[in-house]
Amino acid sequence: MKNILPSLLFVSVACGGPKFDPVLAPEGWADDPSVVSLIDGLVGKVRAQPGEASTHRTLGYAYIANSAWPQAVQSLQNSLAIDPDDPSTRFHLATALGQAGDLDGRLAELERLVAANPTFTPGVLHLGVEYLERDRLDEAADAFQAVESQQSAHPHGAIGLAEVSLARGEPQRAVQHLQRALQLAAGENYAKLLLAQAYAQLGQEDRAHAFSEQGAGAGRPRMNPPSHAEIEGFKVSWGDRLSRAIQLLGKEEAGAALVLLERLHQEDPEQEVALNNLAVAYMRLSRFDEALATIEKALTIKPDQHESLWNRASCYYHKGLAAREAGQDKVAEDYYETGLQALRECLRISPRMPRAYAMRGKIELARKRIPEAIQAFRNAVVQGDTSEETYVNLARIVIPVEGQEAGLRILQESVAQTGARMESRYQLCGMLLGMERGPEARTVQREMAAVQPNHPLTQRAHQALQQRGF
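Residues numbered from 1 in each chain as written. Predicted model: local features only at pLDDT ≥ 70, side-chain atom pairs only at ≥ 80, totals over all residues. Heavy atoms only, no water.

1. Here we look at the overall build of the protein
Keep this limit in mind: Counting from the N terminus, the helices are DSSP H or I runs at least four residues long and the strands are E runs at least two residues long. Here, residues are in contact when the closest pair of their heavy atoms is within 4.5 Å. For accessible areas, the Shrake-Rupley method is used with a probe of radius 1.4 Å. Any residue's cover is judged against the shown protein chains and nothing else. In this count, Lys and Arg are taken as positive residues and Asp and Glu as negative ones, while His and the chain termini are left out. Lys charges are placed at NZ, Arg charges at CZ, Asp charges at CG and Glu charges at CD.
Looking only at helices and strands, the protein features 25 helices and 2 strands. In terms of principal-axis extent, the alpha carbons of the protein reach across some 90 × 60 × 35 Å. Of the contacts made within the protein by residues no fewer than 6 positions apart, 54% connect residues no fewer than 24 positions apart. Element-wise, carbon and sulfur atoms account for 49% of the exposed surface of the protein, whose accessible area totals about 22300 Å². Measuring between centres, the 49 positive side-chain charges of the protein sit 5 Å from its 59 negative side-chain charges.

2. What about helix H5 (residues 103–116)?
One turn of an α-helix holds 3.6 residues; hence residues three or four places apart share an orientation. Formally: Every helix has an expected span of 1.5 Å times one less than the residues it contains. Only protein chains enter the area calculation, which uses a 1.4 Å probe; residues under 20% of their type maximum are buried, those over 50% are exposed, and those in between are partly exposed.
Its 14 residues place the ends of H5 20 Å apart at the C-alpha level, agreeing with the 20 Å of an ideal helix rising 1.5 Å per residue. Listed as buried for H5 are Gly105, Leu107, Glu109, Leu110, Leu113 and Val114. Taken together, the buried residues of H5 touch helix H4 (87–99) and helix H6 (121–133).

3. Regarding the packing of helix H8 (residues 156–167) against helix H10 (residues 189–201)
Rules: Axis lines are fitted to C-alpha atoms, over the contacting stretch for helices. Their N-to-C directions set the angle, which ranges from 0 to 180 degrees. The cut-offs work like this: below 35 degrees is roughly parallel, past 145 is roughly antiparallel, 65 to 115 is roughly perpendicular, and the gaps in between are oblique. Crossing chirality is assigned from the near helix's rotation relative to the far helix, an anticlockwise turn below a right angle marking it left-handed and a clockwise turn marking it right-handed. Each residue is assigned to one of three groups, with Ala, Val, Leu, Ile, Met, Phe, Trp, Tyr, Cys and Pro labelled nonpolar, Asp, Glu, Lys and Arg labelled charged, and all others, Gly among them, labelled polar.
Put simply, H8 and H10 touch, their axes get as near as 11 Å, and they point 25° apart. Here H10 runs roughly parallel to H8, going by the angle between their axes. Crossing angle aside, the handedness with which H8 passes H10 is left-handed. Contacts between H8 and H10 involve Ile159, Glu163 and Leu166 from the former and Tyr190, Ala191, Leu194, Gln197, Ala198 and Gln201 from the latter. A breakdown of the residues in the contact of H8 with H10 according to their chemical character gives 6 nonpolar, 2 polar and 1 charged.

4. Thoughts on unusual backbone geometry
Despite not being glycine, Lys368 has its phi angle at roughly 65°, a positive value. Relative to the helices and strands, Lys368 is located in the loop between helix H19 (354–366) and helix H20 (370–382). In this structure, Glu436 is a non-glycine residue whose phi angle is positive, near 60°. With respect to the helices and strands, the residue Glu436 is situated in the loop between helix H23 (422–434) and helix H24 (438–451).

5. Notes on the packing of aromatic side chains
To keep it simple, the criterion reads: Classification of ring pairs rests on two measures: the distance between centres of Phe, Tyr or Trp rings, Trp counted by its six-membered ring, which must be within 6.5 Å, and the angle between planes, read as stacked under 30 degrees, edge-to-face over 60 and tilted in between. Only when the NZ of Lys or the CZ of Arg is both within 6 Å of the ring centre and within 35 degrees of the ring normal is a charge said to sit over the ring.
Summed over the entire model, instances satisfying the criterion amount to 4 aromatic pairs. When the ring of Phe91 is compared with that of Phe120, the centres are 6.1 Å apart and the planes differ by 65°; the resulting orientation is edge-to-face. Highlighted residues: Phe91 in helix H4 and Phe120 in the loop between H5 and H6, separated in sequence by 29 residues. Taken as a pair, Phe91 and Phe120 share a single burial class, namely buried. Over the ring of Trp310 we find Arg355, and its NZ or CZ is 4.5 Å from the ring centre.

6. Here we look at empty space enclosed by the protein
The line we're drawing: Definitions used throughout: a 1 Å grid over protein atoms alone; a cavity as a set of points that fits a 1.4 Å probe which cannot get out; a pocket as an open set with protein on both sides within 12 Å along at least five of seven lines; a lining residue as one with an atom within 4 Å of a point. Grid points are joined across faces, edges and corners, and a volume is the space filled by probe spheres set on the points.
The full count for this structure, using the stated rule, is 1 cavity of 30 Å³ or more. Along the walls of the largest cavity sit Leu125, Val129, Phe144, His156, Ile159, Gly160, Glu163, Arg220 and Pro221, which together make up its complete lining. Among the elements of the structure, H6 and H8 are those that each provide at least two residues to the lining of the largest cavity. A per-element tally of the lining of the largest cavity places H8 first, with 4 residues. Class assignment for the residues of the lining of the largest cavity results in 5 nonpolar, 2 polar and 2 charged.

7. As for the nonpolar core
Stated precisely, the cut-off is as follows: What makes a nonpolar core is a set of buried Ala, Val, Leu, Ile, Met, Phe, Trp, Tyr and Cys residues whose side-chain atoms join them at distances within 4.5 Å.
By size, the foremost hydrophobic cluster in this structure holds 45 residues, and its most contacted members are Leu261 and Leu343. Sorting the residues of this core by element identifies helix H13 (238–250), helix H14 (254–267), helix H15 (272–284), helix H16 (288–301), helix H17 (306–325), helix H18 (329–349) and H19 as the ones contributing at least two each. The contacts of Leu343, once residues within four sequence positions are left out, are Trp310, Ala313, Ala356, Met359, Arg360 and Ile363.

8. Here's the deal with the packing of helix H3 (residues 69–82) against H4
With their axes 9 Å apart at the nearest point, H3 and H4 run at an angle of 150° to one another. It follows that H3 is roughly antiparallel to H4 by the angle criterion. Between H3 and H4 the crossing geometry is left-handed. Facing H3, whose interface residues are Trp69, Ala72, Val73, Leu76, Gln77, Ser79 and Leu80, H4 presents Thr89, Arg90, His92, Leu93, Ala96, Leu97 and Gln99. Grouping the constituent residues of the contact of H3 with H4 by class yields 8 nonpolar, 5 polar and 1 charged.

9. Focus on the layout of surface pockets
The space that makes up the largest pocket amounts to roughly 550 Å³. What lines the largest pocket is a set of 25 residues, among which Thr95, Gln99, Arg106, His126 and Arg222 lie closest to the centre. Elements supplying a minimum of two residues to the lining of the largest pocket: helix H2 (53–65), H4, H5, H6 and helix H12 (227–233). The dominant element in the lining of the largest pocket, judged by the number of residues it contributes, is H4, at 6 residues. Looking at side-chain class alone, the lining of the largest pocket contains 10 nonpolar, 8 polar and 7 charged residues. A volume near 380 Å³ is recorded for the second largest pocket. Counting only elements with at least two residues in the lining of the second largest pocket, the list comes to helix H9 (171–184), H10, helix H11 (205–215) and H24.

10. Overview of the pattern of salt bridges
Note the cut-off: Any carboxyl oxygen of Asp or Glu that lies within 4 Å of a side-chain nitrogen of Lys or Arg is treated as forming a salt bridge with it.
If you walk through the whole model with that rule in mind, you get 35 salt bridges. Note that Arg287 is salt-bridged to Glu290, the shortest N-O span being 2.7 Å. The class of Arg287 is partly exposed, set by a relative accessible area of 30%. Here Arg367 and Glu364 are joined by a salt bridge, their closest N and O atoms 3.7 Å apart.

11. Quick notes on H20
Using the following cut-off: To be clear, the arc concerns the directions from the helix axis to the C-beta atoms.
Relative to the 18 Å expected for 13 residues at 1.5 Å per residue, H20 spans 18 Å between its end C-alpha atoms, a close match to the ideal helical length. All of the buried residues along H20 are Ala373, Ile374, Ala376, Phe377 and Ala380. Relative to the axis of H20, the buried residues are bounded by an arc of 165° and lie together on one face. Those residues of H20 that are exposed and angled more than 90 degrees off the buried face are Pro371 and Val382. Tucked into the core, H20 has its buried residues touching H19 and helix H21 (388–402).

Encoded structure:
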């Protein structure tokens, strides 16, 4: 999207309150015709109803959705000039001001919002974050405490209080807040990232490492008013819709992603990025023939795509598993060989692609070619594959060939990658128990409990140890 310059604000005075002309973007401000059509339609509505706060607000929301921050600020200010008491509009105005670079303006709007609407929790939370970032810790703590009181079933307030405690150099208090947050939302990775910081300050490096790996890359959880959904609905550009489809795939919502991706492919049939993600959606839904047809289209457009070739191999691997389960061993073998051919081509293009070696290992394992599978999984690790699946697969097939100590070392290496590997820890615990090394197994189980005390594998390991007297 091109740079957007502020347009002039025109005010006309008339009976019955202020009326404003629509805020316009410069000619050629957007490349995507869907975005241009959206904005043009909303501008027309403002022209038809210049004295309605809702029309200016909606136009402002559409500008936010498409990163037109100066236009968003002006449109929302027009809306508030007509209806100054709408908290959602002021909340989004604060956001737009911040994105436009006016940080003091953002703070002022949040303070004005919370003063008038002290129970508008998204505003209180964002004001707390604003105070935290400005090192105004007492005011931040008050805001986060209010968030926790208003939304006691959500972790946001406890997380904010933990951040204040960390900023004050009180890691033990931060741990208490974060444990409360994780009781409310066990999968909140930002809380785990903060927990890693707290344990590091306390000198508990093992726990710090475990939670650091789980929280890596996590951002502070947001809390948005219902109007945020309206803004999301204005993200109509081809790229925005592709991003939304990829996010849906990441959330394991392949059906919803498929609807978007099929539409995107219809609009731009030559775009291989959409085709590759469409193939992934078909694969997630076990529609492997459709996935393969889609992959072939992508390869026709751009032949040297290692991702498409990996997807092709994955499709034939799953088709092989299904054929083997149906008793069609010859068909399964043909599928596996076709998958391996795709991987050879994939590795020709990208010889250091870890996932390609891991997939080769899975296919060789399915063919019961154990030495080849071991070598492929080891190659994957050498090339940087740190996935738990690869380590666990490798450990399971190494044990009968090279012995328990070899399998033990692989699982220990897996656990060393990240403390979140509950399957690796569970298998390690079971191996140690089977080798009559019960105290070591109990140590592993305690580490599991420190990371995820309510995980089913943590509890199963505890029960197995209890039954054996440990």
